[in-house]
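# Survey of secondary and tertiary structure
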Amino acid sequence: MKHILMATGALALSLAPLHAQNFDDPEEFAKQQEQLAAEPMGPADQPWLQHIGDAMVETADLGVEAPATVCFSNAGVNNPWRVVGYTNMTEEVANHESIGEFIHVDAEGSDDKQIADIDDLLAGGDCDVMIVSPNTTAALTPAVERACEAMPVIVFDRGVNTDCPVTFVHPVGGYGFGIQGAEFIADNVDEGGNVLMLRILPGVDVLETRYSAGRRILDEAGLNIVGAEFTDGDNAKTKSIVEDYLMRGEIDAVWMDAGATAVAAIEAFEDSGYEIPVFVGEDQQDFLRKWQDEGLTAIAPTYPTFQWRTAVIAAAHVIEGEAVPGPEWVLPQPAITQDNLDEYVNPAMPPLHYAMCGCEDMANYPGAWGGN
Amino acid sequence: MSESTHGIGGLTFDAKKRARPPELNVLFALILIIGVFELLGAFLMGQSFLFDSADRFDSFLNEARLKIIILQVSIIGIIAIGSTQVIISGGIDLSPGSVVGLTAMIAMSFAQVAEVNGNPNPKAVFGPAWMDLPAIVPLVVGLSVGIAAGLINGLLIAYTRIPPFIATLGMMVTARGAAKWWTKGQPVSFPTEGYASIGQGMMPVLLFILLAVLFALILRFTVYGKRTYAIGSNEDAARMSGINVARHKVLVYTIAGALAAFAAVVLSAKNLTAQAGMGVMYELDAIAMTVIGGVSLAGGRGSIVGTVLGALIFGVIISGFTFLRLDAYYQEMVKGAIIVGAVVLDQWRQGRMAAKM
Amino acid sequence: MTERTETRGLFSRLPQINPVWVLLAALIVAIIFMNPGFVEPTGYMNFLKRAAPLAILAAGQVYVITSGGFDLSVGSLITLVVVGSSMLTNNDPTATYWVIPVMLGIGLGTGLVNGLVVCFLRVPSLIATLGMMITLNGLAFMWSGGAPRGYLPDTFRFFGRELIRDVPLVRFIPVSVIVLIVVVGLFAWLMHRTNLGRQVHAIGDNPVAARLAGVSVNRTRITAFMLSGLSGAIAGILLGGFAGVSTDVGTGYELQAITAAVLGGAQLLGGRGSVPAALGGALALTAIFTLLNFLGLPQPVRQVVQGLILIAAVALAMHRRKQTGT
């Protein structure tokens, strides 16, 4: 047994570096860089209706009649981003008379439960259109394929390895997010400056691509990356990590792959008595408020929650037989900058509310989102 | 056992006082729960839970839902078989969830195809020489990982006298770390068809039933089974009667590890991917299944039949909540309440049995 | 002859020093070696501030472990306290004065329910507190709808975040370090200088003997759970103060608290445990994390190390017990 263990260990050690999984794809990087700069089609004041690229899919022959039942298999509502998104979704449903009933099943972040959920919805026989927000790509592909055989399917947020859905709704993507933040740092910090990169978790596709894009740009700009640390999205841990780095040397900029712990990172500078450096956060209210109050040099790239509205709109189009952008509905991915910060800061909204929700004009705003 | 009354030293056997087998109670509970869902379904949803109420089915039962219920629990059910014999032996195993994660990652790394749609596998872990291997390779590698983890658990518990709770807790943390370290947290995907077929369709159910029958027989009729019960009922007595308790415990935990690894193989084959986070909390679900199935945490009592029924109750409840569209956090809380409730019931039953004697 | 007696005396005295202090000293030397800045007040005060919630939690956990149980519910209690405080204060700085007592009450109440379930429904504490863990997580989620609606006002965050400046010798003291000293001091006094402590030890050692000796087993056990709940609430207030609102602050703290108590030599399944040693365990655990951070090891490796340390600590304790024959 000992030998087997040693052999396994040796194998792992010798082979582990081999797996250069492709989260640093120059082609995809270039494509998303282009999409960020592209002029999206559709109404400029309603970005959730906009799309980049002009390919459309006809839905008239899908044979769904209004009012139809829309079923939604949700990966989970286990973080504030998804809570805001799901609220957008339920509020959007009320805007469409063609949607008769809306059935929501929550997979609690488990692939297995989501596979069973989709099969359960198919077994119930009530659904006419299905929206899926997959927990992970590979695991959910077969279940989505099964659903495609029974009804039109719309996928959003993370994708699946099949083109059977009517359309896949998503913003530009992870490279785009990484590019926006890192370019801002490159523009505002002198060459040779120290940048700390804070990451949530390893191995998540969207986060890995954000990191690889950010790193590429920071390296090219000749900045010195003092460290890349995983915070697990934990405020206390984030604060501790930043405090430790401050004891070892100066930091000129902080890049983050997601903004949930941005305020904790800022507080580490404040509590240790340092100037707050150039910061990359996200569109959460607590960060935007801090930015405004302290007059930071900062940017907030977004992964817009308004895509949850778009998924419902796509479903309504399918029911009404209208064409939808597809097979990919690429939404714009705006960043919040100093210029438009004031439009998004809203002290009436909860601290973990995502400002890029496209929900300000909806009927139950701000109450349904927890605002006063 | 003979029906006639016979007495030894004043003790008489009275058939009326013989306790109903606890498995029967679990079966009643299962039927009761299904009944509750049927009633709620009729009142709240206007449709039946398990019986066919839609026109497009031409059979009596809603076969699709039955399939989901059993498919949903079969993989954790395989783990629960291992947990059952651990708990009967008086121990507890908190590591299977993490062992599932670690095993899935490692086994899947040996089950990859070289080419996906004509391109080199984008998630390749090893070089081309390690791809397109026959399915037996990942299976054996996977089982070895589980056996190694179980063996370490068993050795720690049996020979250093570390409480099982702590030893397997340590393994839980360690194995999860190792699972993340294996590919630095990145998922491993694209298995060969041979490997994938282990988990496709109703295969997981079939494997679960086969293993359940096998271990039900083993625990009931073999020396291994009798020793497991003996150690769980009274470890000192078992030692006095000549059982090598330490060696037997090592065996029990090793088998539990192997079953967890097998569950990992089936799971990763079913999902066509392996992730470091796979199997989180499975150990608790597995323990819940055994406890609901009447296995006593004090050791010495319970059976595989009970655990299988417990697993079914578990599946019915999860599927029933989805059927009733109950919010996820209520689901978790009700699950917690059911676990505690099952233990309360068990205590009460034990108390009554003690009173009868 | 005399020489031999002396050496024997020296060796027999050695095991009386709790090895957790040796471990802690070694770890701190290693940290100073890695990062000389640690000897500055910023260095060690930050360290103590970071260790405070875990140390308080471990001090409470020791009561439950010594009485023969586990408390797995404290992690989710922390989450509930942080989320609940942000909901109740609702951005109103004056609300702090009643919200903190309410939170301490929730902690005591959680412990009370745990204790009642364990004593009167006779559910093993592992399962009872596991059920409580799931319930509290669900409650926190239901209360906030998944995203807390308020900020924690600065008055609330005072305990976990603020520093008292211009202190002679050390320059500044974080408020949380003062809370740490007071709470752990109080818990230590209760455990080692009062009747309650002796009763907790007695029921953990042998509940039947304790009952025969006139100890109210149920009341003592419930008190132990309530103290653990109280420590969870205090830890929650400190963590919320340190880092602000988030929805999964408490995750994993229950296992860390048990690990810290065990590192300090508390005996699982009861009968032995010390609050100061648990403090040592919590500091050692935090020191290990800090050190692993400085070494720049990836997070999975840290996790593996934590698992191995837990096993090694208990194995060592078992070994020592066999040698001393107690």
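Residues numbered from 1 in each chain as written. Chains lettered and ligands numbered in written order. Predicted model: local features only at pLDDT ≥ 70, side-chain atom pairs only at ≥ 80, totals over all residues. Heavy atoms only, no water.

## Structural notes on the overall build of chain A
What counts, and what does not: A helix here means a DSSP run of H or I that spans at least four residues, while a strand means a run of E at least two residues long, and both kinds are numbered starting from the N terminus. By definition, residues are in contact when any of their heavy atoms lie within 4.5 Å. For the area figures, the Shrake-Rupley method with a 1.4 Å probe applies, and any residue is considered shielded solely by the protein chains shown. Counted charges follow a simple rule, with Lys and Arg positive, Asp and Glu negative, and His plus the chain ends left uncounted. In this description, the location of a charge corresponds to atom NZ of lysine, CZ of arginine, CG of aspartate or CD of glutamate.
When helices and strands are tallied, chain A shows 12 helices and 13 strands. Summarising its shape, the C-alpha atoms of chain A cover approximately 65 × 65 × 35 Å along the three principal directions. Summarising the internal contacts of chain A: among those between residues at least 6 apart in sequence, 71% fall at separations of at least 24. A total of about 13,500 Å² of accessible surface is found on chain A, and carbon and sulfur atoms cover 48% of it. Averaging the coordinates of the 16 positive side-chain charges in chain A and doing the same for the 61 negative ones gives two points 10 Å apart.

## Description of the overall build of chain B
As a reminder, the rule being used: Relative accessible area decides the class of each residue, using a 1.4 Å probe on protein chains only: under 20% of the type maximum gives buried, over 50% gives exposed, and in between gives partly exposed.
What chain B contains, in helices and strands, is 13 helices and six strands. Every one of the 357 residues in chain B was classed for burial, and the buried ones make up 56%. Residue pairs at least 24 apart in sequence account for 75% of intrachain contacts in chain B once pairs closer than 6 positions are excluded. By element, 67% of the accessible surface of chain B is carried by carbon and sulfur atoms, the whole surface being about 14,800 Å².

## Examining the sheet that holds strand E10 (residues 278-280) of chain A
All names here are of chain A. Our working definition: Pairing between strands is defined by DSSP: at least two bridges between the two strands are required. Only the stretch in contact is used when fitting a helix axis, every axis being a line fitted to C-alpha atoms; angles between N-to-C directions are given from 0 to 180 degrees.
A sheet is described by the order of its strands in space; here five strands give the open sequence E8-E7-E9-E10-E11, paired in parallel fashion. In this open sheet, the two strands that pair with only one neighbour each are strand E8 (224-230) and strand E11 (298-299). Direction of pairing for strand E7 (residues 194-199) relative to strand E9 (residues 253-256): parallel, over a ladder of four bridges. Along E9, the bridge assignment pairs Leu198 with Met256. Helix H6 (residues 174-188) contacts E7, E9, E10 and E11 of the sheet and is inclined by roughly 175° relative to E9.

## Points about the pairing of E7(A)
All names here are of chain A. For the record, the criterion: Handedness rule for crossovers: strands pointing away from the viewer, path from the first strand over the helix to the second running clockwise, crossover right-handed.
Among the six residues of E7, six are classified as buried, and the element is accordingly described as predominantly covered. By the alternation rule, side chains of E7 split into Asn194, Leu196 and Leu198 and Val195, Met197 and Arg199, which are all buried. Both E7 and E8 contribute to a ladder of six bridges, which runs parallel. Within E8, the residue paired with Val195 across the bridge is Ile225. Taken together, E7, helix H7 (residues 205-220) and E8 form a β-α-β motif whose crossover is right-handed.

## Some thoughts on the UniProt feature "transmembrane region" (unreviewed entry) in chain B
All names here are of chain B. Applied cut-off: UniProt positions are given in the numbering used here, feature names are shortened, and annotations may be inferred rather than shown by experiment.
Residues annotated by UniProt as "transmembrane region" (unreviewed entry) correspond here to residues 26-46, 66-87, 94-113, 133-158, 165-182, 202-223, 250-269 and 304-323. Between the first and last C-alpha atoms of residues 165-182 the distance is 26 Å; the span itself is 100% helix and 0% strand. Between the end C-alpha atoms of residues 250-269 there is a gap of 29 Å, over a span that is 100% helix and 0% strand.

## Regarding the pairing of strand E5 (residues 153-156) of chain A
Residues and elements named next belong to chain A. Neither face of E5 is left uncovered, since the one carrying Val153 and Val155 and the one carrying Ile154 and Phe156 both have all their residues buried. Note that strand E4 (residues 129-133) and E5 share three bridges and pair parallel. Within the sheet, the bridge partner assigned to Ile131 lies in E5 and is Ile154. Between the parallel elements E4 and E5, the chain passes through helix H5 (residues 137-150) in a crossover that is right-handed.

## Section: the pattern of salt bridges
Think of it this way: side chains of opposite charge can pair up when their charged atoms draw near. Note the following rule: Counted as salt bridges are all cases of a side-chain nitrogen of Lys or Arg within 4 Å of a carboxyl oxygen of Asp or Glu.
Applying the stated criterion across every chain, the model contains 24 salt bridges over all chains. Taking the shortest distance from any N to any O, the salt bridge between Arg82(A) and Asp157(A) comes out at 3.2 Å. Taken together, the positions of Arg82(A) in helix H3 (residues 80-93) and Asp157(A) in the loop between E5 and strand E6 (167-171) put the pair 75 residues apart, joining distant regions of the chain. Of the charged contacts in the structure, one is a salt bridge between Glu243(A) and Arg50(C), with a shortest N-O distance of 3.1 Å. Linking Glu243(A) in helix H8 (residues 235-248) with Arg50(C) in helix H3 (residues 41-66), this pair reaches from one chain into another.

## Side note on the state of the cysteines
Basically, it comes down to this: Pairs of cysteine sulfur atoms within 2.5 Å are identified as disulfides in what follows.
Across all of its chains, the model carries three disulfides over all chains by this definition. By sequence-ordered numbering of the bonded cysteines, chain A has its disulfides arranged as 1-2, 3-4, 5-6.

## Structural notes on the interface of chain C and chain B
Defined as follows: Buried area, as used here, totals the accessible surface that two parts lose on assembly, with accessibility defined by a 1.4 Å probe and the loss added over both.
In this complex, chain C contributes 33 residues to the contact, which on the side of chain B involves 34 residues. Summing both sides of the interface, chain C and chain B together bury roughly 2,900 Å²; the carbon and sulfur share of this comes to 85%. For chain C, the biggest contributors to the area lost against chain B are Ile127(C), Ile134(C) and Ile311(C); these three give 18% of the whole. Scanning the region where chain C abuts chain B turns up zero salt bridges. Mapped onto the side of chain C that touches chain B, the elements with two or more residues apiece are helix H6 (125-144), helix H12 (253-263) and helix H14 (299-324) of chain C.

## Quick notes on the interface of chain B and chain A
Quick note on the threshold: We define a polar contact as two N or O atoms separated by no more than 3.5 Å, with the added condition that, inside protein, one atom must be a possible hydrogen donor and the other a possible acceptor, whereas residues neighbouring each other in sequence contribute only through side-chain atom pairs. Residues are grouped as follows: Ala, Val, Leu, Ile, Met, Phe, Trp, Tyr, Cys and Pro are nonpolar; Asp, Glu, Lys and Arg are charged; every other residue, Gly included, is polar.
Taken together, the contact between chain B and chain A spans 42 residues of the former and 39 residues of the latter. Interface of chain B and chain A: buried area, both sides summed, is about 3,300 Å²; carbon and sulfur atoms make up 58% of it. The interface formed by chain B and chain A holds two salt bridges in total. Across the pair Arg65(B) and Asp120(A) runs a salt bridge whose closest N-O atoms are separated by 3.3 Å. Linking chain B with chain A are four residue pairs in polar contact (both at pLDDT 80 or more). Looking at the side of chain B that touches chain A, the elements that each hand over two or more residues are helix H2 (63-88), helix H4 (136-159), helix H5 (164-182), helix H10 (245-271), helix H12 (304-324) and helix H13 (328-356) of chain B. With four residues, H2(B) is the single largest residue contributor to the side of chain B that touches chain A. Looking at the side of chain B that touches chain A residue by residue, the class counts come to 21 nonpolar, 14 polar and seven charged.

## Re the sheet that holds E4(A)
Residues and elements named next belong to chain A. Ordered in space as E3-E2-E4-E5-E6-E13, the six strands form an open sheet in which the pairing is parallel. The sheet is open, and its two borders are formed by strand E3 (99-106) and strand E13 (328-331), each paired with just one other strand. When the angles between neighbouring strand axes are averaged without regard to direction, this sheet yields 15°.

## Regarding the environment of Gly371(A)
One can find Gly371(A) in the segment after helix H12 (341-344). Between the C-alpha atoms of Gly371(A) and Met349(A), which are 22 residues apart in sequence, the distance is 4.3 Å.

## Quick word on the confidence of the model for chain B
Residue and element names in this part refer to chain B. The condition is simple: Predictor confidence is given residue by residue as pLDDT, running from a minimum of 0 to a maximum of 100.
Residue-level pLDDT values for chain B average 86, and 90% of them are 70 or greater. Across residues 1-5, where pLDDT falls below 50, the model places seven contacts with residues more than four positions away in sequence or in other chains. Taken together, the chains of this predicted complex give a pTM of 0.86 and an interface ipTM of 0.85.

## Digging into the nonpolar core
Which entries qualify depends on this criterion: Residues belong to one nonpolar core when they are buried, are Ala, Val, Leu, Ile, Met, Phe, Trp, Tyr or Cys, and are joined through side-chain atoms within 4.5 Å.
Counting residues in hydrophobic clusters, the biggest one holds 190 residues, and the most contacted among them are Phe165(B), Ile166(B), Tyr63(C) and Val275(C). When residues in this core are grouped by element, the largest group, 13 residues, is from H3(C). Discounting chain neighbours no more than four positions away, the residues touching Phe165(B) are Ile92(B), Leu94(B), Phe70(C), Leu72(C) and Leu126(C). Ranked by size, the runner-up nonpolar core spans 67 residues in total, among them Ala68(A), Val77(A), Ile336(A) and Tyr354(A).

## Remarks on a nonpolar patch on the surface
All names here are of chain B. Note the cut-off: Each patch is built from residues lacking any salt bridge and having more than 30% relative accessible area; the joining distance is 9 Å for like charges and 5 Å for nonpolar side chains (Val, Leu, Ile, Met, Phe, Trp, Tyr).
On the surface, Leu32, Val36, Leu39, Leu40, Phe43 and Leu44 cluster together to form a nonpolar patch covering roughly 660 Å² of accessible area. By the secondary structure assignment, Phe43 is in helix H1 (residues 22-45). Of the residues examined, Phe43 reaches a relative accessible area of 70% and is grouped as exposed.

## Brief notes about the packing of aromatic side chains
Residues and elements named next belong to chain A. Threshold: Planes of paired rings set the category: under 30 degrees apart is stacked, over 60 is edge-to-face and the rest tilted, where pairs are Phe, Tyr or Trp rings (Trp by its six-membered ring) whose centres lie within 6.5 Å. Only lysine NZ and arginine CZ atoms are considered, and such an atom sits over a ring when it is within 6 Å of the ring centre and within 35 degrees of the ring normal.
Across all of its chains, the model carries 20 aromatic pairs over all chains by this definition. Seen from their ring centres, Phe29 and Tyr175 are 6.3 Å apart, and the 90° between their planes marks the pair as edge-to-face. Taken together, the positions of Phe29 in helix H2 (residues 26-37) and Tyr175 in helix H6 put the pair 146 residues apart, joining distant regions of the chain. As far as the burial class goes, Phe29 and Tyr175 line up, both buried. Between Tyr365 and Trp369, the ring centres sit 5.7 Å apart and the planes meet at 55°, which makes this aromatic pair tilted. Summarising the burial analysis for this pair, Tyr365 and Trp369 share the class buried. Following the ring pairs from residue to residue traces out a cluster consisting of Phe72, Trp81, Tyr86, Phe102, Phe156, Tyr303 and Trp308. Over the face of the ring belonging to Tyr303 we find Arg210, whose NZ or CZ atom lies 5.5 Å from the ring centre.

## Regarding the environment of Leu108(C)
All names here are of chain C. With respect to the helices and strands, the residue Leu108 is situated in helix H5 (residues 96-120). The spatial distance from the C-alpha of Leu108 to the C-alpha of Thr96 is 18 Å, given a sequence separation of 12 residues. The contacts of Leu108, once residues within four sequence positions are left out, are Met226, Gly229 and Leu230.

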